Amino acid sequence: SKIISDLLALSRLSEKEFDESIKTTQVNLNTLIAKTNERLAAVAKNNNIDLVCILPKDDIVIESNESLVEAILLNGIKNAVTYNVPNGKVTTTLSTLSKNDHHTNGVRISIADTGIGMSKEDTEKIFDRFYRVDKSRSRATGGSGLGLSIVKSAVDTLGGNIAVESELGKGTTLTISL
């Protein structure tokens, strides 16, 4: 049922009509990131992973679709927890891209883990549906292999960018710009 649910989410994100009908509201990113970490606290604790938020003192509020931003955060952070090492850490950092005349030109959300990392070849494929870097862990982790595909589709739908940096044995950082 998880795979079906994830496939339905991806299907909706790829529909042209969906792109045009996205409803936007004021989204408080500080609050949404904190709530997402709270939702994943039990999963992180079961894996002995420390969840850390680095948020600016002043709330960052953007005009966006809260459900899509939440899907990006939930899937990105959960993936960082799943592919981490025991006693590892996942740090979610929120910052503005640039400011001029009190106007923000966008935001950057960084999700960094101290996990297993991956090769350059794998970083080019992680947004593909069903792709897994560590095939041996696929059954143990219980994921559908669609989480990062959902993240990429949601970022694309919102007109943002996503980048990945990783080093084997050192961890991975997803950087989302909206």
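It should be noted that the structure appears before, not after, this text.
Here goes a summary of the coordinates provided. Bear in mind that the values here come from a model prediction, so they are computed numbers and not experimental data.

When helices and strands are counted, the protein chain shows 8 helices and 9 strands. Relative to its 178 residues, the protein chain shows a buried fraction of 41%. Here the analysis covers contacts within the protein chain between residues at least 6 apart in sequence; of these, 69% occur between residues at least 24 apart. Taken as a whole, the protein chain presents about 10000 Å² of accessible surface, with 48% of it coming from carbon and sulfur.

Taken in spatial order, the 5 strands line up as β2-β4-β7-β9-β8 in an open sheet, and their pairing is mixed. Each having just a single partner strand, β2 (50-54) and β8 (161-167) make up the two edges of the open sheet. Taking the axes of each pair of neighbouring strands and ignoring which way they run, one obtains an average angle of 10° across the sheet. One ladder, built from 7 bridges, connects β8 with strand β9 (residues 171-177); its direction is antiparallel. Paired with Ile 162 across the bridge in β9 is Ile 176.

Attention shifts here to the pattern of salt bridges. The tally for this structure, following the rule as stated, stands at 2 salt bridges. Note that Glu 70 is salt-bridged to Arg 39, the shortest N-O span being 2.8 Å. Placement of Glu 70 in helix α5 (residues 66-82) and of Arg 39 in helix α3 (residues 29-39) is noted, with a sequence separation of 31 residues between them. The closest approach of N and O atoms between Lys 152 and Asp 156, which form a salt bridge, is 3.0 Å. One end of the pair is Lys 152 and the other is Asp 156, both in helix α8 (residues 147-157) and 4 residues apart, which spans about a single turn. By relative accessible area, Asp 156 is classed as partly exposed at 42%.

Parameters at a glance
Residues numbered from 1 in each chain as written. Predicted model: local features only at pLDDT ≥ 70, side-chain atom pairs only at ≥ 80, totals over all residues. Heavy atoms only, no water. Helix = DSSP H or I, 4+ residues; strand = E, 2+ residues; numbered from the N terminus. Buried < 20%, exposed > 50% of the residue type's maximum accessible area, 1.4 Å probe, protein only. Contact = heavy atoms within 4.5 Å. Areas by Shrake-Rupley, 256 points an atom, 1.4 Å probe, with all protein chains shown as cover. Pairing = 2+ DSSP bridges. Axes fitted to C-alpha atoms, helices over the stretch in contact; angles between N-to-C directions. Salt bridge = Lys/Arg side-chain N within 4 Å of Asp/Glu carboxyl O.

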